Amino acid sequence: MGLYTDNNQLHELLKSGRNYKLSKKQVVQTTDDRQVVNLVSSGFIKRYLILNDGSIGVQITYGPGDVFPLTIVFKTLFDQPLYTGPEVFYYETMTDAEIYSIDVSTLEQEVGKNPKLYSDLLQEAGIHLESCVHSLENLSIKGSTKRVAHQLTFFAKNFGKKTAKGICIETPLTHQDLSDILSLTRETISTSMVQLRKKGLISSDKNIIIPDLKKLEEEAFS
């Protein structure tokens, strides 16, 4: 999802910070109050909360080039709280991952010296906004199979790699992962995946492969 480019000065600043190598299913942090800003260098990390019924609700997935959390950035730089609810958010690795971290106070000092960092932060906010808009759009789609197709389209566009067989989604997605993201039962996800496979819209080996992204997107909005 992120734009991991060498000319992104925010990324360069974050890469000057502390480096952490993380194992799969390792919790990075459990609230947005921790006074650090992180850059994902490799791997995938999910942000989720535990819902009232004990189920997990995944809100966003971060991949290489993504910065998190932006909540502490907005609170520190603009005194603008983005979330004031009582729920605790968890950041957990989906794969082995590597991140860089700096204290938010360091970011605040560097922004004062280099206003270009505001531009990079705005770009990061836009990336996160895209994910939020996608989630809202998904809720408006009728039919579980179409919602699954819509979600897979999003992952293919943001975390996909072109191969001879089609676009391979590099994020490891189990049926339970999709269930947690879409708030659908795992059984419903399994049924939807079978239908998409029968239509030739997806295939799978180790990761999900989409032979024709345009056709999968058309399925989502049909």
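The model shown is predicted, which means the values in this text are computed figures rather than measured ones. (Residues numbered from 1 in each chain as written. Predicted model: local features only at pLDDT ≥ 70, side-chain atom pairs only at ≥ 80, totals over all residues. Heavy atoms only, no water.)

### Focus on the environment of Cys-168
Quick note on the threshold: We count a stretch as a helix when DSSP gives it H or I for four or more residues in a row; a strand needs E for two or more, and each element gets its number in order from the N terminus. Classification of residues uses two cut-offs on accessible area relative to the type maximum, computed with a 1.4 Å probe and protein chains only: under 20% is buried, over 50% is exposed, and between them is partly exposed. By the convention used here, residues are in contact when the closest approach between their heavy atoms is within 4.5 Å.
Mapped onto the elements, Cys-168 comes out in strand S10 (residues 166–169). With a relative accessible area of 16%, Cys-168 lands in the buried category. With 116 residues separating them along the chain, Cys-168 and Asn-52 place their C-alpha atoms 34 Å apart. When neighbours within four sequence positions are excluded, Cys-168 is seen to be in contact with Phe-159, Gly-160, Lys-161, Thr-163, Asn-207, Ile-208 and Ile-209.

### So, helix H2 (residues 70–78)
Listed as buried for H2 are Leu-70, Thr-71, Ile-72, Val-73 and Leu-77. Its buried side turned inward, H2 meets strand S3 (36–42), strand S6 (67–68), helix H3 (104–113) and helix H4 (116–140). In the stretch just after H2, Asp-79 is the one whose phi turns positive, near 50°.

### Some remarks on the confidence of the model for the protein chain
Detailed reading of the predicted model is not advised wherever pLDDT is low. As a reminder, the rule being used: One number per residue, pLDDT, summarises how confident the predictor is, and it ranges from 0 to 100.
With 97% of its residues at a pLDDT of 70 or more, the protein chain shows a mean pLDDT of 92. In the model, residues 1–5 has pLDDT below 50 throughout and makes 24 contacts with residues more than four positions away in sequence or in other chains.

### Describing helix H8 (residues 213–220)
The condition is simple: Here the arc refers to the directions that run from the helix axis out to each C-beta atom. Throughout this description, a polar contact denotes any pair of N or O atoms lying within 3.5 Å of each other; where both atoms belong to protein, one of them has to be capable of donating a hydrogen while the other can accept it, and for residues adjacent in sequence the pair is counted only when both atoms sit in side chains.
All buried positions along H8 are accounted for by Leu-213, Leu-216, Glu-219 and Ala-220. One side of H8 carries all its buried residues, which in axial view fall inside an arc of 120°. Turning to H8, the residues buried within the fold contact helix H5 (144–159), S10, helix H7 (186–198) and strand S12 (208–210). The opening residue of H8 is Asp-212, an N-cap whose side-chain oxygen sits 3.1 Å from the backbone nitrogen of Lys-214.

### What to know about the sheet that holds S10
Short version of the rule: A pair of strands is considered paired only if DSSP assigns at least 2 bridges between the two. Every axis in this analysis is a line fitted to C-alpha atoms, fitted for helices over the stretch in contact. Angles between the N-to-C directions lie between 0 and 180 degrees.
An order of S9-S10-S12-S11 is seen for the 4 strands of this open sheet, with the pairing classed as antiparallel. With partners counted over all chains shown, the strands left at the sheet margins are strand S9 (160–163) and strand S11 (203–204), one partner each. Of the strand pairs in this sheet, S11 and S12 are connected by 2 bridges, and their pairing is antiparallel. Its bridge partner lying in S12, Ser-203 is registered against Ile-209. Across the face of the sheet, H5 comes into contact with S9, S10 and S12 while running at roughly 90° to S10.

### Here we look at the packing of H5 against H7
Quick reminder of the rule: Note on angle classes: values under 35 degrees are labelled roughly parallel, values over 145 roughly antiparallel, values of 65 to 115 roughly perpendicular, and the remainder oblique. For this classification, the nonpolar set comprises Ala, Val, Leu, Ile, Met, Phe, Trp, Tyr, Cys and Pro, the charged set comprises Asp, Glu, Lys and Arg, and every other residue, Gly included, is treated as polar.
Contact geometry of H5 with H7 gives a least axis separation of 9 Å together with a crossing angle of 75°. Relative to H7, H5 is oriented roughly perpendicular. Residue-level contacts link Ser-144, Thr-145, Val-148, Ala-149 and Leu-152 of H5 to Thr-188, Ile-189, Ser-192, Met-193, Gln-195 and Leu-196 of H7. When the residues that make up the contact of H5 with H7 are grouped by side-chain class, the tally is 6 nonpolar, 5 polar and no charged.

### Some remarks on unusual backbone geometry
For the peptide bond that leads from Phe-68 to Pro-69, omega is -15°, which places it in the cis range. Note on placement: Pro-69 falls in the loop between S6 and H2. For Asp-79, which is not glycine, the phi torsion reads 50° and is therefore positive. Residue position: Asp-79 is located in the loop between H2 and strand S7 (89–93). Positioned with a positive phi, Ser-183 is a non-glycine residue whose angle comes to about 55°. Inspection of the secondary structure puts Ser-183 in the loop between helix H6 (175–182) and H7.

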